[in-house]
Amino acid sequence: MKGKSEKICIIDLFFIDTGAVHLVQDVDDLPFVPISYVILQKLEEWATPLAETSTTARRAAADVIQALLKVVSMLDDLDTEPLYPPLWDASKERVQRFLSEYSGSVATWNKLGLDLEPLAATTVSPPSSIEPSEPPQIIYFNEASFLEPDGTQLPPIAHPTRTQMVMMAAKDSIRLLHKCGCRSAIFGGLACFLYGNTRVPNDVDLLVLLPPGSTVTVEELKLNLVVLNPNHFFTTPSKDSLPSYCILWYRLNDDPVQTDKTSCKVDLLLPGTMNLPNLPSSLIHWDEGLPLVPFSLLLLQKLQAWDDHRKSKDPIKWQRQRTDMEDLDGLTSLSAIQLLRYSRPWSDTTLFNREFQKLTKERVRFTDASTPREYPAGPFYQSARGGL
């Protein structure tokens, strides 16, 4: 009928062979499976490889799991009989992986009947000593005061996708930097992807946070990663920079010929470069077991990258503005952008120095006055720019 619209919903039907039908409870004349079954189903969704799902779906599943675990922690006399034993058996390894990436209590999981062993405290041992005749020497710091990332190493993937390889590169880089006493946080395309963008990241960009008083250079840190893991890290000379500058790469194997399917770049930057701040631990955002720069900083860094690339006289760099635009379009369509309307962190000097604030305002004014040809997305997203 004209003026009326149909409302539909999807109904998923699942069949499980179980002899524990008595665990299904009626609530307001509706049958409900046990909360433990719902949690383990969501855990199965979370454990789905990135090649078959998205970070957004995994993050949503993790949020549901953590919320339900809080409910479980408050319940007494929870029935531990499994509704579907095969799901329980497959869940033990998934739970260990989940605990390695998200804080949680083994006791809460054990209330579901999984009988997990308490997780042993993870420690990071110093790298093995290197003889003076073996250059370069590892620069090692006291790491006691630094936030420890997940030290577990996942089993190798037989044929990783590009995304999986970049994620492996990020995890290995962060782990080894921590061995050198440095915290780090991801920014750039990989951070955009982990926050929810769909564009597949090409490389790893890391903001490296040194211990107080350290004078170590980025080039020394690159050499450290090569020495600590020569099978996966190597460097090549830069073609258009200073002779002392080298490019750090992560590779899946040590074949002499590497392609974009077997290797990716890892860029290490120190605070002060590209207006990046000396980020406090409290402002690091953790996702998928990886440390990220705050969303607001990522957004303005991407705006800066777009502005720098559109002004570049280098044809290759000039072309990169299209990728920057794609990332900006993706970031400003995420739900996280709405929070910036209220938090308005743009004047926070912990994240944005005065010069960066000034340049950002100029960039925003340019986007407001731009034609679609100059800036296809139009004005810089009113929903995000409050306070700029």
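Here's a quick rundown of the structure. These numbers come from a predicted model, not from an experiment.

Reading guide: rules and limits
Residues numbered from 1 in each chain as written. Predicted model: local features only at pLDDT ≥ 70, side-chain atom pairs only at ≥ 80, totals over all residues. Heavy atoms only, no water. Patch = residues over 30% accessible without salt bridge, like charges linked within 9 Å, V, L, I, M, F, W, Y side chains within 5 Å. Areas by Shrake-Rupley, 256 points an atom, 1.4 Å probe, with all protein chains shown as cover. Salt bridge = Lys/Arg side-chain N within 4 Å of Asp/Glu carboxyl O. Helix = DSSP H or I, 4+ residues; strand = E, 2+ residues; numbered from the N terminus. Buried < 20%, exposed > 50% of the residue type's maximum accessible area, 1.4 Å probe, protein only. Phe/Tyr/Trp six-rings, centres within 6.5 Å; stacked < 30°, edge-to-face > 60°. Lys NZ or Arg CZ within 6 Å of the ring centre and 35° of its normal. Axes fitted to C-alpha atoms, helices over the stretch in contact; angles between N-to-C directions. Parallel < 35°, antiparallel > 145°, perpendicular 65-115°, else oblique. Contact = heavy atoms within 4.5 Å. Nonpolar A, V, L, I, M, F, W, Y, C, P; charged D, E, K, R; others polar. Lys, Arg positive; Asp, Glu negative; His and termini not counted. Core = buried A, V, L, I, M, F, W, Y, C linked by side-chain atoms within 4.5 Å.

**Remarks on a nonpolar patch on the surface**
Stage number 1. Where nonpolar side chains cluster on the molecular surface, the patch consists of Val-21, Val-24, Val-33 and Val-38 and spans about 270 Å² of accessible area.
Stage number 2. Tracing the backbone shows Val-33 in the loop between β2 (30-32) and α1 (35-46).
Stage number 3. We classify Val-33 as partly exposed; its relative accessible area is 38%.

**Details of the packing of aromatic side chains**
Stage number 1. Tallied over the full model, the rule gives eight aromatic pairs.
Stage number 2. The interplanar angle of 75° and the centroid separation of 5.1 Å between the aromatic rings of Trp-46 and Phe-98 together place this pair among those described as edge-to-face. Here the residue Trp-46 occupies a position in helix α1, and Phe-98 occupies one in helix α3 (residues 85-101), the gap between them amounting to 52 residues.
Stage number 3. Given the relative accessible area of 0%, Trp-46 is considered buried.
Stage number 4. According to the relative accessible area criterion, Phe-98 is buried, its value standing at 1%.
Stage number 5. Where Phe-352 meets Phe-356, the ring centres are 6.0 Å apart and the plane angle is 45°; that geometry is what we call tilted. Both residues of the pair, Phe-352 and Phe-356, count as buried.
Stage number 6. Counting every residue linked through ring pairs, the aromatic cluster contains Trp-46, Phe-98 and Trp-109.
Stage number 7. Geometry around Trp-306 places Arg-310 over its ring, the cationic atom sitting 5.3 Å from the centre.
Stage number 8. Its guanidinium or amino end placed over the ring of Phe-366, Arg-310 lies 3.9 Å from that ring's centre, counting from NZ or CZ.

**Focus: the packing of helix α5 (residues 162-179) against helix α6 (residues 188-195)**
Stage number 1. Put simply, α5 and α6 touch, their axes get as near as 12 Å, and they point 110° apart. In terms of orientation, α5 lies roughly perpendicular with respect to α6. Residue-level inspection shows Thr-163, Val-166, Met-167 and Ala-170 of α5 in contact with α6, the latter providing Leu-190, Phe-193 and Leu-194.
Stage number 2. In terms of residue class, the contact of α5 with α6 is built from six nonpolar, one polar and no charged.

**Brief notes about the side chain of Asp-205**
Stage number 1. With respect to the secondary-structure elements, Asp-205 resides in strand β4 (residues 204-209).
Stage number 2. Buried charge without a partner: Asp-205 forms no salt bridge, and the closest opposite charge is Lys-302, 6.5 Å away.
Stage number 3. Those residues in contact with Asp-205 that lie beyond four places of it in its chain are Ala-185, Ile-186, Phe-187, Gly-188, Gly-189 and Asp-267.

**Regarding the nonpolar core**
Stage number 1. Residues Ile-186, Leu-190, Leu-221, Val-266 and Leu-268 are the most contacted members of the largest nonpolar core, which totals 60 residues.
Stage number 2. The dominant element in this core, judged by the number of residues it contributes, is α5, at eight residues.
Stage number 3. When residues no more than four places from it in sequence are discounted, the contact partners of Ile-186 are Ala-170, Ile-174, Ala-191, Leu-194, Asp-205, Leu-206, Leu-290, Pro-291, Leu-292 and Val-293.
Stage number 4. One finds Trp-46, Ala-61, Ala-62 and Leu-116 within the second-largest nonpolar core, a separate group that totals 25 residues.

Shape is all these values report; function is a separate question.
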